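Structural features, examined
What follows is each chain in one-letter form.
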Amino acid sequence: MKEKRMIVIKKSQLPYAGKEELLASSVCPAVFPANVVMEEEQLRIFYETEGWQPLARREQLDAVEFLTLMNSVLQNMEKMRGWLLFPEEYVLSEQTVYIPSGFFDEINQVRFIYIPDGQKISAAKRMGCFLYGLREKLTENSMMYLEMLTPLLTIENLDTKRLLIFLDNLLTEAYVCKIR
């Protein structure tokens with residue numbers, strides 16, 4: 001069975017004209033390819049998500065999984081910036097972040113469903129809300145890393161490359177010390 005997700009939005013919700021062509025062209029590897037149906041005042045966006053599941057379906061994340069997830073989310077946000085899909089413009093939540101739903105349930109890669117958000121919330125606040133939503137899924141050790149990362153991830157002008165290096169160091173620590 002093919003899994004699909006449909007989003008209906010008003011054309012005025014898109015940050016700029018032509019964004020629907022960008023979504024339909026499937027050029028950004030961080031976002032699922034979209035089929036866009038244009039109507040008079042609204043757009044219907046269809047995403048095929050076969051083989052993937054929303055992060056919301058995941059019951060628990062240990063420390064290594066959490067750090068890997070955050071690394072992947074930040075890398076994808078950077079990829080999206082390269083295609084002019086800025087974090088201030090889209091919804092970042094457990095419903096829009098997808099992880100593979102395979103046998104091993106690996107979390108080392110994620111993809112997004114692009115849902116425009118007209119509220120113009122800063123990237124740091126969006127990340128803060130995303131992290132807050134993850135609290136229920138985290139183990140005690142992953143909560144420790146969440147508390148360590150939250151101040152860094154919610155800073156407005158922090159260099160993402162440095163943050164990714166820091167996350168890699170934390171991930172190495174979690175692997176070597178077998179922190180779960």
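Since the model is a prediction, treat every value here as computed from it, not as a measurement. Counting starts from 1 at the beginning of each chain's written sequence and moves along it residue by residue. With pLDDT at 70 or above as the cut-off, local features in this predicted model cover only qualifying residues; side-chain atom pairs require 80 or more to be listed or tallied, and sums for whole chains, interfaces and linings still use all residues. With hydrogens and water set aside, each side-chain value is computed from the structure's full complement of heavy atoms.

1. What about the overall build of the protein chain?
We count a stretch as a helix when DSSP gives it H or I for four or more residues in a row; a strand needs E for two or more, and each element gets its number in order from the N terminus. For the protein chain, the helix and strand inventory stands at five helices and six strands. In sequence order, the secondary structure elements of the protein chain are arranged as β-α-β-β-β-α-β-β-α-α-α. Computed over C-alpha atoms, the radius of gyration of the protein chain comes to 17 Å, within 12% of the 16 Å expected from 2.2 N^0.38 for 180 residues, which places it in the range of a compact globule. Projecting the C-alpha coordinates of the protein chain onto the three principal axes gives extents of approximately 55 × 40 × 25 Å. The globule rule is 2.2 Å times the number of residues to the power 0.38, and the radius of gyration it is compared with is taken over C-alpha atoms.

2. Overview of the pattern of salt bridges
Basic side-chain nitrogens of Lys or Arg form a salt bridge, by our definition, when they fall within 4 Å of a carboxyl oxygen of Asp or Glu. Per the counting criterion, the structure on display carries eight salt bridges. Across the pair R57 and E3 runs a salt bridge, and its minimum N-O distance is 4.0 Å. In this pair, R57 is assigned in the loop between β4 (52-54) and α2 (63-82) and E3 in the segment before β1 (4-10), connecting sequence segments 54 residues apart. The salt bridge partner of E39 is R44, with a shortest N-O separation of 3.0 Å. Three exposure classes are used, based on accessible area relative to the maximum for each residue type with a 1.4 Å probe and protein chains only: buried under 20%, partly exposed in between, and exposed over 50%. Given a relative accessible area of 31%, E39 falls into the partly exposed group. In this structure R44 comes out as partly exposed when scored by relative accessible area, which is 26%.

3. Quick notes on helix α4 (residues 140-153)
Expected span of a helix: the number of residues minus one, times 1.5 Å. Look at α4: 20 Å from first C-alpha to last across 14 residues, which is about the 20 Å you get at 1.5 Å a residue. Along α4, the largest kink reaches about 25° and is centred on E147; proline P151 follows within four residues of it. Among all positions in α4, only S142, M143, Y145, L146, L149 and L153 are buried. Contact criterion: two residues are considered in contact whenever any of their non-hydrogen atoms come within 4.5 Å of each other. Elements in contact with the buried residues of α4: α2, α3 (123-134) and α5 (160-176). Two axes define the bend at a residue: one fitted to the seven residues ending there, one fitted to the seven starting there, and the bend is the angle between them.

4. Digging into the sheet that holds strand β2 (residues 34-38)
Hydrogen bonds between backbone atoms are what pair the strands of a sheet, whose relative direction is either parallel or antiparallel. Any two strands are treated as partners once DSSP identifies two or more bridges connecting them. Pairing in this open sheet of three strands is antiparallel, and the strands run β1-β3-β2 from one edge to the other. Each of the sheet's edge strands pairs with one partner strand only, and the pair in question is β1 and β2. In this sheet, neighbouring strand axes are inclined to one another by 20° on average, regardless of whether the strands run parallel or antiparallel. Bridge count for β2 against strand β3 (residues 42-48) is five bridges, and the pairing is antiparallel. The partner of N35 across the bridge, within β3, is F46. Axis angles are defined between N-to-C directions and span 0 to 180 degrees, where every axis is a line fitted to C-alpha atoms and, for a helix, only to the segment in contact.

5. Section: the nonpolar core
Soluble globular proteins tend to pack their nonpolar side chains together in the buried interior. We define a nonpolar core as any set of buried Ala, Val, Leu, Ile, Met, Phe, Trp, Tyr and Cys residues linked to one another through side-chain atoms lying within 4.5 Å. With 53 residues, the main nonpolar core has Y47, F66, V73 and M127 as its most contacted residues. Sorting the residues of this core by element identifies β1, α1 (19-25), β3, α2, β5 (97-100), α3, α4 and α5 as the ones contributing at least two each. When residues in this core are grouped by element, the largest group, 10 residues, is from α2.

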